[in-house]
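Observations on the model geometry
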Amino acid sequence: MSKSTSPNNYRLINARLAVVVSSETEHRSIANGFVDIANGVISGVGEMSTLSQYNDEISCQTIDCKGRLMTPGLIDCHTHLVYGGARQNEFEQRLTGLSYEAIARSGGGIKSTVAATRKTSVDVLAQRAAERLDCLLAEGVTTVEIKSGYGLDTETELKMLSAARKIEKMRAIDVKTSFLGAHALPDEYAGRSDEYIDHVCNDMLPAVAAQGLADAVDGFCEGIAFSCDQIERVFKAAVLHGLPVKLHAEQLSNLGGAALAARYGAMSVDHIEYLDQEGVDAIAASGTVATVLPGAFYYLNESQKPPIQALRDAGVPIAVATDHNPGSSPLLSLLATMNMVCVLFGLTPQEALLSVTVNAAKALRLEDRGVIAVGNKADLVIWQAEAEVDLVYSLGKNPCHTVFKNGQIVLTKGEN
Ligand code: NIG
Ligand code: FE
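Remember, it's a predicted structure, so these values are computed and weren't measured experimentally.

What follows deals with the sheet that holds strand β11 (residues 268-271). Strand order in the open sheet made by the four strands is β10-β11-β12-β13, with parallel pairing throughout. Bordering the open sheet on either side are β10 (247-249) and β13 (318-320), each of which pairs with just one other strand. Each adjacent strand pair in this sheet contributes to an overall mean axis angle of 30°, direction not counted. The pairing of strand β12 (residues 289-292) with β13 spans three bridges and is classified as parallel. Opposite Thr291, over in β13, you have Ala319 as the bridge partner.

As structure tokens, this is what we get:
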């Protein structure tokens, strides 16, 4: 037991540990293990049977996990959590048979959220996004990525990214931001998409970079959005400003966006239902993560599935995210998303857990989390569950028991 108690340090004992580092690419579980937390980071991990050798001078509070599962804090690596308004009307329209593309081409879709977002203040945007985020936090999410892309003018893109940054001060969460100016063509540039891309590259992106508001640059490469040539210009501007890139690619058709993103060393390519073998080979060679988004697939009632087996065969890390947005994926549960990726795309429950921990961390290039390992941030979740499969088995059940963010308890249900 501890010599004296420090509120900042913990020893968590008798836990089933999932996603423990064992080598660069292999992760294992420990059936009965412990984790030490000191000063916000993981300072010890191992089998309970080896505990005595670590037990000496540590000053900490001991928590008995009583055999519960412990995982790294979950990471939602692709969201559009900041926006004004909502689009329930389009949900109803799609139920009558109208397609996402048809709604977008008739002035709805992303553009209708742009109109609402332009009218909403930064404080209200941040407040609404924090309320949505609460659903994710309740399920053990400790890091989230948030994109802009509903401003499509400099002022509103900056406003969205500022709102995303603000959320970090409002909740116990790390926020990584992506500038998504190339999301859709705003009405004021109708018929002048190349000029809009000039504006993104020459005005918007430099302003965003100058204020340090983006950690990455994203785009939407699709028939209803931008061509590969246009996206490449955005990527070149990103490189000039020292920002890494990622891309919404091959969601509704195959334009070769993933291979383009791979040439620019993209962090991730996202959606990728229509990714072909050439695209798989390209991202495998560039070390790009494949982020699949079953929420959008589900809500749009799609049938084309991402090439999961080809990605596995090529050794591409697969991440999974909610893609929360008001149109194609108003989904606010990462656990439900994990269930969907198993049922709809055929990942195993173990793969689903890796996809929201170690692989999601890779998609955001965060090397200090996503795995239970000494030196990593002590972002950890204790679950009212015995095994990984319990996280995805019952849709609608939230077995989250206790969440540690930077080594501090930020949520707990009940006694130890
Ligand atoms: O990731 N695919 C493009 N962008 C979003 C949808 C945005 C919207 O419909 O508002 C997505 O699914
Ligand atoms: Fe998206």
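Looking now at the packing of aromatic side chains. To describe a pair of aromatic rings, you give the distance between the ring centres and the angle between the ring planes. By the definition in use, this model includes eight aromatic pairs. With a centroid separation of 6.0 Å and an interplanar angle of 20°, the aromatic rings of Tyr196 and Phe226 are classed as stacked. Within this pair, whereas Tyr196 is found in helix α6 (residues 193-210), its partner Phe226 is found in the loop between β9 (216-219) and α7 (228-240), the two being separated by 30 residues in sequence. Look at Phe235 and Tyr264: their rings are 5.6 Å apart centre to centre, the planes differ by 55°, and that puts the pair in the tilted class. Note that Phe235 is positioned in helix α7 and Tyr264 in the loop between α8 (257-263) and β11, a separation of 29 residues in sequence. Judged by its relative accessible area of 0%, Phe235 is buried.

To continue, consider the sheet that holds strand β8 (residues 174-182). Through backbone hydrogen bonds, the strands of a sheet pair up, either in parallel or in antiparallel fashion. Taken in spatial order, the four strands make up an open sheet running β6-β7-β8-β9, and their pairing is parallel. Of all the strands in the sheet, the pair left with one neighbour each is β6 (74-76) and β9. With strand direction ignored, the average angle separating the axes of adjacent strands in the sheet is 25°. By the bridge criterion, three bridges tie β8 to β9 in an arrangement that is parallel. Residue pairing in the sheet places Phe179 in a bridge with Val217 of β9. Running at roughly 85° to β6, helix α12 (residues 334-345) makes contact with β6 and β7 (141-147) of the sheet.

On inspection of all chains with the given rule, the structure shows 22 salt bridges. As a salt-bridge pair, Arg11 and Asp36 come within 2.7 Å of each other at their nearest N and O atoms. Of the two residues, Arg11 is situated in strand β1 (residues 10-21) and Asp36 in strand β2 (residues 27-38); the sequence distance between them amounts to 25 residues. Pair check on accessibility: Arg11 and Asp36 agree, each one buried. The partner of Asp134 in a salt bridge is Arg171, with the nearest N and O atoms 2.6 Å apart.

Rules used throughout
Residues numbered from 1 in each chain as written. Chains lettered and ligands numbered in written order. Predicted model: local features only at pLDDT ≥ 70, side-chain atom pairs only at ≥ 80, totals over all residues. Heavy atoms only, no water. Pairing = 2+ DSSP bridges. Helix = DSSP H or I, 4+ residues; strand = E, 2+ residues; numbered from the N terminus. Axes fitted to C-alpha atoms, helices over the stretch in contact; angles between N-to-C directions. Phe/Tyr/Trp six-rings, centres within 6.5 Å; stacked < 30°, edge-to-face > 60°. Buried < 20%, exposed > 50% of the residue type's maximum accessible area, 1.4 Å probe, protein only. Contact = heavy atoms within 4.5 Å. Salt bridge = Lys/Arg side-chain N within 4 Å of Asp/Glu carboxyl O.

These results come straight from atomic positions and should not be treated as a statement about function.
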